[in-house]
Amino acid sequence: MRKLTALFIASTLALGSASAAFAADTTTAPAADAAPMKMMHHKGEGKGGPFAGLNLTEQQRQQMRDIMKDSHQKRGPGMKEERQALHNLVASDSFDEAKAKAQIDTINKAQSERMLERAKAENKMYNLLTPEQKKQYNENYQKREQKMMDHMNKMKEQMSSGQ
């Protein structure tokens, strides 16, 4: 169960990283196509994942929106039904371990496919970046990774101390 929880948390964080690239308000008039635009995000300073703060051009932003739109269409429906089926097994009068394992396998397979599609989309978006933007992206990623590790270590300490 811990592996499933860790996978869920990791995928949630991964989903948030690229989503910030599309948080900018698209209702404003775009600047000249060649002018760089600062990425906007709703999570505050220092957050938003590796695509935040890359000073993307309007053309890059539009290409990234198109990639994400295509990726979302390929992913298909959400996992609500899969989670509900697992809940039904948990909330039954008797526990069927074989059915639970099969349902968990179904959830894991669907999650893996979503993560793969997400990784493909992020790779396409990464390859739209200039060398300077790629450098900043990688720095952003490392900062976010360190922040996640610090948070995980803090949570482990809290759990081990019984808080």
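Our subject is the structure that appears above.
Being a predicted model, the structure only gives us computed values, none of them experimental. Residue numbers here run from 1 along each chain, matching the order of that chain's written sequence. Restriction of local features to residues with pLDDT of at least 70 applies here, the model being predicted, together with a cutoff of 80 or more for giving and counting side-chain atom pairs; totals for whole chains, interfaces and linings are based on all residues. Heavy atoms from the whole structure form the basis of all side-chain values; hydrogens and water molecules are not counted.

Caption draft 1: Quick look at the overall build of the chain. Across its full length, the chain holds five helices and two strands. Numbering of helices and strands runs from the N terminus, with a helix taken as a DSSP run of H or I at least four residues long and a strand as a DSSP run of E at least two residues long. Traced from its N-terminal end to its C-terminal end, the chain shows the element sequence α-β-β-α-α-α-α. For each residue, the accessible area found with a 1.4 Å probe, counting protein chains only, is set against the maximum for its type, and the residue is called buried under 20%, exposed over 50%, and partly exposed in between. Scored against the burial criterion, the 163 residues of the chain give a buried share of 28%. Working rule for contacts: check all heavy atoms of both residues, and any pair within 4.5 Å makes them a contact. Excluding contacts between residues fewer than 6 apart, the proportion of contacts in the chain whose partners are at least 24 apart in sequence is 66%. Total accessible area on the chain is roughly 11200 Å²; 57% of this is exposed by carbon and sulfur atoms. All accessible-area figures derive from a Shrake-Rupley calculation using a 1.4 Å probe, and residue coverage is judged against the displayed protein chains alone.

Caption draft 2: Structural view of the pattern of salt bridges. Every case where a carboxyl oxygen of Asp or Glu lies within 4 Å of a side-chain nitrogen of Lys or Arg is listed as a salt bridge. The full count for this structure, using the stated rule, is six salt bridges. Two residues, Arg 61 and Glu 58, come together in a salt bridge whose shortest N-O distance is 4.0 Å. Of this pair, Arg 61 and Glu 58 both sit in helix α2 (residues 58-75), separated by three residues, roughly a single helical turn. Between Glu 113 and Lys 109 there is a salt bridge, and its shortest N-O distance comes to 3.4 Å. Remark: Lys 109 and Glu 113 occur in helix α4 (residues 97-126); sequence separation between them is four residues, near one turn of the helix.

Caption draft 3: Summary view of the nonpolar core. Among buried residues, the Ala, Val, Leu, Ile, Met, Phe, Trp, Tyr and Cys ones that are joined through side-chain atoms within 4.5 Å form a nonpolar core. Core analysis: the largest hydrophobic core is formed by 10 residues, namely Phe 51, Leu 54, Leu 56, Met 64, Ile 67, Met 68, Ala 121, Met 125, Leu 129 and Tyr 137. In terms of residues, this core owes the most to one element, α2, which gives three residues. Beyond its immediate stretch of four places on either side in the chain, Ile 67 contacts Ala 121, Lys 124, Met 125 and Leu 128.

Caption draft 4: Expanded view of helix α3 (residues 80-90). Considered for burial, the residues of α3 that qualify are Glu 82, Leu 86 and Leu 89. One side of α3 holds all its buried residues, which, seen down the axis, span an arc of 55 degrees. In α3, those exposed residues whose orientation departs by more than 90 degrees from the buried face are Lys 80 and Glu 81. Note that the arc is computed from the directions linking the helix axis to the C-beta atoms.

Caption draft 5: Just the packing of aromatic side chains, in detail. Aromatic contacts are taken between Phe, Tyr and Trp rings whose centres are within 6.5 Å, Trp giving its six-membered ring; a plane angle under 30 degrees counts as stacked, one over 60 as edge-to-face, and the others as tilted. The tally for this structure, following the rule as stated, stands at two aromatic pairs. Connected via pairs of aromatic rings, a cluster forms that spans Phe 51, Tyr 126 and Tyr 137.

Caption draft 6: Structural view of the packing of α2 against α4. The convention used is that axes are lines fitted to C-alpha atoms, helices contributing only their stretch in contact, and that angles between N-to-C directions extend from 0 to 180 degrees. α4 packs onto α2 with a crossing angle of 165 degrees between their chain directions and a minimal axis gap of 10 Å. When the interaxial angle is binned, α2 and α4 end up roughly antiparallel. Crossing of α2 over α4 shows right-handed handedness. Contacts between α2 and α4 involve Met 64, Ile 67, Met 68, Ser 71, His 72, Lys 74 and Arg 75 from the first element and Arg 114, Glu 117, Arg 118, Ala 121, Lys 124 and Met 125 from the second. A per-class count over the contact of α2 with α4 returns five nonpolar, two polar and six charged. Orientation is classified from the angle alone, with under 35 degrees giving roughly parallel, over 145 giving roughly antiparallel, 65 to 115 giving roughly perpendicular, and any other angle giving oblique. Whether a crossing is left-handed or right-handed is set by the direction in which the near helix is turned from the far one by less than a right angle, anticlockwise for left-handed and clockwise for right-handed. Each residue gets one label: Ala, Val, Leu, Ile, Met, Phe, Trp, Tyr, Cys and Pro are nonpolar, Asp, Glu, Lys and Arg are charged, and the others, such as Gly, are polar.

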